[in-house]
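Examination of the molecular architecture
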Amino acid sequence: MGISFKYWDECVEPQDMEAMWREPEVLTEWLDAGETKGQKVHLSRDPDGQPYLTQTEMKAVAEIIVRRHFDSQILPAMLCAIAELASDRQLLATRYDKKTKQTTVGIMQLLPATMEWLIRDLGYRVYKGEGNPDILYRPFVSVYFGAAYLQWLSNFERQRFVDDGPSVDNSCVSVASAVPISASHNIAASSSQKTGGDYVYWDSRASPEDMQEMWNNSDVAREWIKSGEKRGKVRFSLDKDKRLYLSRVEVKIDLIQAVAQTILSKHFSTRGVKPSVLCALAEMVSFRFVNGVGPQIGLMGIDYSTAFWLYMELGYRAYRVDSVDDLTKPFVSMYFGAAYLAYLSEYEGRERTPQFVVQAYLAGPKNVNLQETGPFWLKFEEALSNYEDIKKYSPTYWDPGSCTIL
């Protein structure tokens, strides 16, 4: 690849630079770094010399793009989260998929074919990208087309997906892989259980007692009633590929939080497992898809052998796990996710730090390495920030700066 950027001015238009300078947080950060308005602004670089956007810069770009072109219909925070997971905010990031033989590029990890489809078929022509895939390495361009794709998802079949379940590929990082021209998704568990039309119902994946607990949550009940759901027949949300996911409602209480709080209050109250931790891990491993993503099974990504071991050897038997399909039930997956966290918190007989527990959950306890798995912790903290409001609802909210996770 011959693309190389040293300065901001090399990868953005003059009007975009002006817009960045007008952002107070960017202005402060750049002046503190010794930059001067009217002169070229240096891009930040990681230890490998790769240019990246700081979190302040990423937030500014997302907010400018949304404000200019999308009438604030998309959450800038969603764009920032995708960029964090997809590329670590690196401008020149690329990822080759051996299965599809395609390469995603840029901060938002888009396929060039996705960009051209958005331009040709949907009319997103602010930036001239046809026949010029390298333009996706430019931050404003990448974020613009990433936002355009999310905008398309938000209107798909009249369902609002901008803040209600991003579509992702099997690596859990690419926003572009669900474009209809090339996508194929290998969901771990089948979603063929239908109980009416194309919908799968909560009631088929949870016990009557657990459903009553959900209805008893005022925010969940409000969302379900607003969506026209009825007791005994509550539909899961579906993305464009008919995949089930748990929505994040606008009142900032996620259904996933309700599941976490119910599970923890019923089965782990004496262990002090934190709902916010479960929610953040579920966000990372499954993006809230009920069946899981790729090889990760269920909301919590717990494999059947681990769940069965927790059930048989450690006595976690509030829910049965007779087959892999049981782990596609939200309450079951969340229960064994919490059980696994409890086990990891005292791995090999000694109290473990939050960093160890999170990295061990995501990579396996024998694979924890500060250099190799350390980025998991940073991404976890980012995911945890999505659930800050859980402090209002749980007295056991976990402070990531503390030394206790459980």
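Residues numbered from 1 in each chain as written. Predicted model: local features only at pLDDT ≥ 70, side-chain atom pairs only at ≥ 80, totals over all residues. Heavy atoms only, no water.

**Concerning the packing of aromatic side chains**
For the structure on display, the rule yields 25 aromatic pairs. Taking the centre distance of 6.2 Å and the plane angle of 75° together, the rings of Y124 and Y144 count as edge-to-face. In this pair, Y124 sits in the loop between α5 (112-122) and α6 (139-155) while Y144 sits in helix α6, placing the two residues 20 residues apart along the sequence. Since its relative accessible area comes to 3%, Y144 is described here as buried. Put simply, the rings of W309, Y340, Y343, Y347, F356 and Y361 pair up and form one aromatic cluster. Positioned above the aromatic ring of F289 is the side chain of R243, whose terminal nitrogen or guanidinium carbon lies 4.3 Å from the ring centre. One Lys or Arg, R352, reaches over the ring of F356 and ends 4.3 Å from the middle of that ring. (Phe/Tyr/Trp six-rings, centres within 6.5 Å; stacked < 30°, edge-to-face > 60°. Helix = DSSP H or I, 4+ residues; strand = E, 2+ residues; numbered from the N terminus. Buried < 20%, exposed > 50% of the residue type's maximum accessible area, 1.4 Å probe, protein only. Lys NZ or Arg CZ within 6 Å of the ring centre and 35° of its normal.)

**Observations regarding the pairing of strand β4 (residues 102-105)**
Where strand β3 (residues 94-97) and β4 come together, four bridges link them in antiparallel fashion. Note that in β4 the partner of T94 across the bridge is V105. The antiparallel pairing of β3 with β4 creates a hairpin that spans four residues between the two strands, and K101 there sits at a positive phi of about 60°. (Pairing = 2+ DSSP bridges.)

**Quick look at the packing of helix α9 (residues 255-267) against helix α10 (residues 275-286)**
In a packed pair of helices, the relevant descriptors are the angle between the two axes and the axis-to-axis distance. It is at 9 Å that the axes of α9 and α10 come closest, and there the two elements cross at 135°. Comparing the axis directions of α9 and α10 gives the class oblique. Seen from above, α9 lies across α10 with right-handed handedness. When α9 is examined against α10, the residues I256, Q257, A260, Q261 and L264 are found in contact with a partner set consisting of P275, L278, C279 and A282. Taken together, the residues that form the contact of α9 with α10 break down as seven nonpolar, two polar and no charged. (Axes fitted to C-alpha atoms, helices over the stretch in contact; angles between N-to-C directions. Parallel < 35°, antiparallel > 145°, perpendicular 65-115°, else oblique. Left-handed = near helix turned anticlockwise from the far one by under 90°. Contact = heavy atoms within 4.5 Å. Nonpolar A, V, L, I, M, F, W, Y, C, P; charged D, E, K, R; others polar.)

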